[in-house]
Amino acid sequence: MPPKNNSSSFLAVFITAILCFSTLIVFILAMQFTFNCKIINHEKEFKKIKVKIDSSRSSTSKGGSISTYFYFNKGSFLKPTTGSGLGLKYQSYEPEINEYMAKHHDSVYIWYLDRGTSKYAYEDQKSVIISQEIENNETIKIYFLIYIVFLFLVIILRNAFKSNVTTN
């Protein structure tokens with residue numbers, strides 16, 4: 001039995017770890033892509049309504065970012081930002097929401113689609129703005145392309161490594 005090559009074993013573990021991590025990231029991005037598509041595809045179905053915020057809750061993630069949820073209509077919620085980092089752009093409307101609510105007795109305008117899909121609306125805004133979702137989905141498409149190229153390279157390296165091992 002030939003001795004194991006430690007550097008090739010380390011490389012295999014390293015590539016496998018990167019593959020697992022990138023697959024997890026792609027899964028998270030796929031969920032964000034789907035949510036963005038929902039907003040983009042149903043742009044004309046959003047209704048602008050004024051709601052009274054029942055409560056709010058903030059939570060901190062392991063990365064140190066703080067997410068605040070504003071609850072209304074017994075379970076529906078508004079999250080001023082969606083998703084997290086990964087090179088995607090998110091504008092937080094939390095300061096505007098807090099300022100508006102302070103002047104208007106905890107009421108705020110929102111673009112409402114369903115219980116889990118709502119966006120902050122300015123008082124004089126005539127239509128929902130989806131440019132952020134479109135831009136983020138374009139960035140996610142680039143990440144998917146990079147992931148596919150990475151998978152392709154891993155398969156090529158794996159096949160090359162297998163053929164090299166069998167010839168030695």
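Going by the structure above, here's the rest.
Everything numeric here is computed off the predicted structure, so don't read it as measured data.

Draft legend 1. Region of interest: the pattern of salt bridges. Evaluated as defined, the whole model comprises five salt bridges. When the shortest N-O distance is used, the salt bridge between E99 and K103 registers 3.4 Å. With E99 and K103 both in helix α2 (residues 94-103), this residue pair falls four residues apart, about one helical turn. Looking at E99, the relative accessible area reads 48%, which means it is partly exposed. Exposure remark for K103: the relative accessible area of 58% places this residue in the exposed category. Note that E133 and K119 form a salt bridge whose closest N and O atoms lie 2.9 Å from each other. Of this pair, E133 sits in helix α3 (residues 131-167) while K119 is found in strand β6 (residues 117-120), placing the two residues 14 residues apart along the sequence. Of the two residues examined, E133 and K119, each falls in the buried class.

Draft legend 2. Examining the sheet that holds strand β1 (residues 47-52) more closely. Here we have three strands laid out as an open sheet, ordered β1-β5-β6, and antiparallel in their pairing. Edge positions in the open sheet fall to β1 and β6, since each of these has one partner strand only. On average, each strand axis in the sheet is inclined to that of its neighbour by 40°, with strand direction left out of account. Pairing of strand β5 (residues 107-114) with β6 involves four bridges; the strand directions are antiparallel. Bridge pairing in β6 places I110 opposite Y120. Sheet strands in contact with α2 are β1, β5 and β6, and its direction is about 125° off that of β5.

Rules of the game
Residues numbered from 1 in each chain as written. Predicted model: local features only at pLDDT ≥ 70, side-chain atom pairs only at ≥ 80, totals over all residues. Heavy atoms only, no water. Salt bridge = Lys/Arg side-chain N within 4 Å of Asp/Glu carboxyl O. Helix = DSSP H or I, 4+ residues; strand = E, 2+ residues; numbered from the N terminus. Buried < 20%, exposed > 50% of the residue type's maximum accessible area, 1.4 Å probe, protein only. Pairing = 2+ DSSP bridges. Axes fitted to C-alpha atoms, helices over the stretch in contact; angles between N-to-C directions. Contact = heavy atoms within 4.5 Å.

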